[in-house]
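A closer look at the structure
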Amino acid sequence: MTQRIPPPAADDLTFPYPDPPPPGAVAAVAPGVLWLRMPLPFALDHINLWVLEDGDGWTLVDTGIATDATRALWDQVLAGPLAGRPVRRLICTHFHPDHMGLSGWLTRRLDVPLWAPLGEWAFGRQLAAMSDATFTSLCHALYRPAGCAPDDLALVETRGNVYRRRVTPHPYALTRLMDGQVLPIGAHDWRVVVGHGHAPEHAGLWCRDLGLLISGDQVLPRISPNVSVWPTEPTADPLSLFLDSLTRWRALLPDDLLVLPSHGLPFRGLHARLEVLSHHHDARLDETEAECRAAPLSAAAMLPRLFKRALDDHQFFFALGETLAHLHHLEARGRLRRIMGTDGVTRFAATG
Ligand SMILES: [Zn+2]
């Protein structure tokens, strides 16, 4: 185990806008930059969306999940605070259903193009097109060797392809966003800053003039963004990608930005937050390695050692994916090795 510098205090963050806008309303966080919230039917009960003044129109950033409640709130916002100016385009930061869930519905309803990274759009499209049976078989192929109990495997079957139920079919056409690209939106330039690990090709948007970063889920103020191995990419090491992105964003982005995250409140203290997230994973990795030193462990056996609170079904699969991400990262670093059991379960043993 290496000696590490203690992390900065989480309280290094400040929150200049403590009051989120009520449902169906917007709040300005900078000239021409509006904040709105949509409800989510999970423990994490909201998502922040952003609307940017774009000449005589608007650019929307992210959509909310595909529920009637979100659709009704969009109707209210479009007929209320956004009325009188046309929407010019929709930008989606990444494919997750709370961000891209209504991309099909909104782009058709408003007759506007979708702008997103190719990896996000393509991944979202292929996942939305997958049958319940195919998705279930991919889940079993990952979760059975991870040591999941029959009850958990049965739950996978009951849930099927939950992604498909939380989105409207995504548009077939895309305007592609790429890392480093600069988008003129209204009077300001916004630079695309791609991050990896939470999603394949997650787009953040940085406006130097306004001192703003739309961070999506790549950096959140109070929770650690989920970094998971998913059934569609079972051998992945997303945590290496995520940690590399934290380092890259720390080097690229100034510390004094107002960060507009998808969950929680706008905050200042970007560098402190990036360091806290990095330290959080370092500590989790040390913990995971230490647990495997006593005896080789499967992902399912490791999960309750890392996540000690009660988890609902939705959180269980996030936690399992995240546990696998830590195991795969340690294996890639040579700190763990995998042992294929005669029972078909993969366990991880410490090498040091
Ligand atoms: Zn996300």
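Residues numbered from 1 in each chain as written. Predicted model: local features only at pLDDT ≥ 70, side-chain atom pairs only at ≥ 80, totals over all residues. Heavy atoms only, no water.

If you check an unreviewed UniProt entry, the chain appears there as Glyoxylase-like metal-dependent hydrolase (Beta-lactamase superfamily II) from Roseospira visakhapatnamensis.

Time to look at the pattern of salt bridges. Taken as a whole, this structure holds 16 salt bridges when the rule is applied. In this structure, Lys 308 engages Glu 287 in a salt bridge whose closest nitrogen and oxygen atoms are separated by 3.8 Å. Of the two residues, Lys 308 sits in the loop between helix 10 (299–306) and helix 11 (313–332) while Glu 287 sits in helix 9 (residues 270–294), which places them 21 residues apart along the sequence. Using a relative accessible area of 30% as the deciding quantity, one classes Glu 287 as partly exposed. Within this structure, Asp 286, Glu 289, Arg 293 and Arg 335 form a network of salt bridges that share partners. (Salt bridge = Lys/Arg side-chain N within 4 Å of Asp/Glu carboxyl O. Helix = DSSP H or I, 4+ residues; strand = E, 2+ residues; numbered from the N terminus. Buried < 20%, exposed > 50% of the residue type's maximum accessible area, 1.4 Å probe, protein only.)

All right, on to the nonpolar core then. Residues Trp 74, Tyr 143 and Leu 213 are the most contacted members of the largest nonpolar core, which totals 81 residues. Among the elements that line this core, the one with the most residues is helix 11, at eight residues. With 22 residues, the next largest nonpolar core counts Ile 91, Trp 115, Val 194 and Ile 214 among its residues. (Core = buried A, V, L, I, M, F, W, Y, C linked by side-chain atoms within 4.5 Å.)

Before going further, it helps to examine the sheet that holds strand 6 (residues 114–117). Strand order in this open sheet of seven strands is 1-2-3-4-5-6-7, and the pairing throughout is mixed. Among the strands making up the open sheet, the edge pair consists of strand 1 (27–30) and strand 7 (175–177). Here the strands of the sheet are splayed against their neighbours by 30° on average, with no regard to which way each runs. On the sheet, helix 1 (residues 68–79) packs against strand 2 (33–39), strand 3 (46–54), strand 4 (57–61) and strand 5 (87–91) and is oriented at approximately 150° with respect to strand 2. Of the strands in this sheet, strand 4, strand 5 and strand 6 are in contact with helix 3 (residues 103–110), which crosses strand 5 at around 165°. (Pairing = 2+ DSSP bridges. Axes fitted to C-alpha atoms, helices over the stretch in contact; angles between N-to-C directions. Contact = heavy atoms within 4.5 Å.)

It is worth spelling out the packing of aromatic side chains at this point. If you walk through the whole model with that rule in mind, you get seven aromatic pairs. On the basis of an interplanar angle of 45° and a centroid distance of 6.4 Å, the ring pair of Phe 15 and Phe 267 is categorised as tilted. Remark: Phe 267 occurs in the loop between strand 12 (258–261) and helix 9 and Phe 15 occurs in the segment before strand 1; sequence separation between them is 252 residues. Here Phe 267 falls in the buried class, since its relative accessible area comes to 0%. (Phe/Tyr/Trp six-rings, centres within 6.5 Å; stacked < 30°, edge-to-face > 60°.)

A few words on the coordination of the zinc ion. His 94 (NE2), His 96 (ND1), His 198 (NE2) and Asp 217 (OD) make up the full set of protein donors to the zinc ion, lying at 2.1 to 2.2 Å. One can describe the donor arrangement at the zinc ion as irregular, given that its four donor atoms subtend angles of 90 to 168° at the metal. Spacing between the donor residues of the zinc ion along their common chain follows H-x1-H-x101-H-x18-D. On the criterion of sequence distance, the pair formed by His 198 in the loop between strand 9 (188–195) and strand 10 (202–207) and Asp 217 in the loop between strand 11 (212–216) and helix 8 (238–252) is long-range, its members being 19 residues apart. Accessibility expressed as a relative area gives 8% for His 198, which makes it buried. (Donors = N, O, S within 2.8 Å, 3.2 Å for Na, K, Ca; no water. Tetrahedral: all angles 85-135°; square planar, octahedral: opposite > 155°, others 65-115°.)

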